[in-house]
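Chain and residue survey
Chain by chain, the residues run as shown.
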Amino acid sequence: MKARQLDIFNFLNKFNPASMILLASNENPLGMPESARRAAASALEGAGNYPDSNGTALKNALAARLDVPADWLTLGSGSSEILQLAAQVSLKPGEGVVYSQYGFIVYAQAAAHAHAHSTVVPSRDFGHDLDAMRAAIGDDTRLVFVANPNNPTGTFIDAAPLLAFLQSVPSHVTVLLDEAYTEYLSPAQRYDSIAWVRRLPNLIVARTFSKAFGLAGLRIGYGVSQPGLTARMNAHRPRFNVTTPAQAAAVAALGDADFLARTYELNTAGRDQLAAGFKELGLAYIPSSGNFLMVQVGDAQTVHARLLAAGIEVSLLDPYGLPQWLRVSVGLPEQNSALLAALR
Ligand SMILES: *Cc1c(COP(=O)(O)O)cnc(C)c1O
């Protein structure tokens, strides 16, 4: 049982916690891949010893997959840690960070932790306004965060304008391109950001095993950047930041093409199911390129509480200044149906 689930159970103890429908954190509704479960369980046998701090096996697997040398990779305790490391290596106190309104909450935390100041650029149609972001890069800016797709809005930037933006950023400014949901992109949307890393020494692409790969509870993600920047990231990285079972599970999940394909199909169908349901209910929503949808429900606090009472957890967006909206993760077909029925 998850801690969050347990809290809710204790708070409203009429629920059977196993039947709680968790659509609040964009996790994979299939759970972890069986291949990764077996790998993690067998790695647990070695958990009396420290992990391989270099993460050699996983880096080798990623290097082969992405066609980059292993010294272009940084492993993190979730890609959240990659975002934090990017801030630590790029920013001195008083310097500036630029990101979009409705940008992931960790960007503000990373900036604050580095004693930097944030410039939050108003969004355009709930997505990034790249022209305004470019204009917001000032003399003291040292880091820009861009998420594609964005969380919580689900908006997507096409490859051409994104690359044009990246090329326009001065080379002394680091850009962290956050691709936590990249595995959910349609074939037509996909682009090769690793090729961009080869051209741009100031670019870090961050990815995670928490979402499509189903390993959120093991905390593992990675960054891809040229060796200079990567060496600085690794110098700031806490030793042993990624556990042995997490490394083993990630290697297995990375090789599990079947699981990823099933995840993609399930998500595409589930997203369509939710969108059609919202339309039928007359609820506005933002078309999403991720594994979640943002839907306008009016008094989101009240709707959120009533969904919880019905055994369904979704995410409030007050911290993003979106009190009328909920973010709903795509679940299994029957979970999506239950959510739509409860909303009705
Ligand atoms: C979930 C998410 C991450 C990564 O989370 P970790 O679990 O720390 O890997 C990064 N960026 C965005 C936008 C996310 O939604």
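Refer to the structure printed above.
1. Some remarks on the packing of helix α3 (residues 56-66) against helix α10 (residues 244-254)
Packing of α3 against α10 leaves a shortest axis separation of 9 Å and a crossing angle of 25°. Put simply, α3 runs roughly parallel to α10. Between α3 and α10 lies a crossing whose hand is left-handed. Residues A57, L58, A61, L62 and R65 of α3 pack against Q247, A250, V251 and L254 of α10.

2. A look at the environment of I286
Counting through the fold element by element, I286 comes out in strand β9 (residues 285-286). Excluding its chain neighbours within four sequence positions, the residues that come into contact with I286 are F126, T153, T155, L293, M294 and W325.

3. Quick notes on the site of the ligand
The full set of residues close to the ligand is G78, S79, S80, F104, N151, D178, A180, Y181, T208, S210, K211 and R219. At 2.6 Å, a side-chain N or O of Y181 approaches an oxygen atom of the ligand. Within the contact set of the ligand, an oxygen atom lies 3.2 Å away from a side-chain nitrogen or oxygen of K211. A total of 380 Å² of accessible area belongs to the ligand in isolation, and the protein chains cover 93% of it. Looking at the shell around the ligand, its residues break down into three nonpolar, six polar and three charged.

The rules behind these values
- Residues numbered from 1 in each chain as written.
- Predicted model: local features only at pLDDT ≥ 70, side-chain atom pairs only at ≥ 80, totals over all residues.
- Heavy atoms only, no water.
- Axes fitted to C-alpha atoms, helices over the stretch in contact; angles between N-to-C directions.
- Helix = DSSP H or I, 4+ residues; strand = E, 2+ residues; numbered from the N terminus.
- Parallel < 35°, antiparallel > 145°, perpendicular 65-115°, else oblique.
- Left-handed = near helix turned anticlockwise from the far one by under 90°.
- Contact = heavy atoms within 4.5 Å.
- Near = heavy atom within 4 Å.
- Polar contact = N/O pair within 3.5 Å; in protein donor to acceptor, adjacent residues only side chain to side chain.
- Areas by Shrake-Rupley, 256 points an atom, 1.4 Å probe, with all protein chains shown as cover.
- Nonpolar A, V, L, I, M, F, W, Y, C, P; charged D, E, K, R; others polar.

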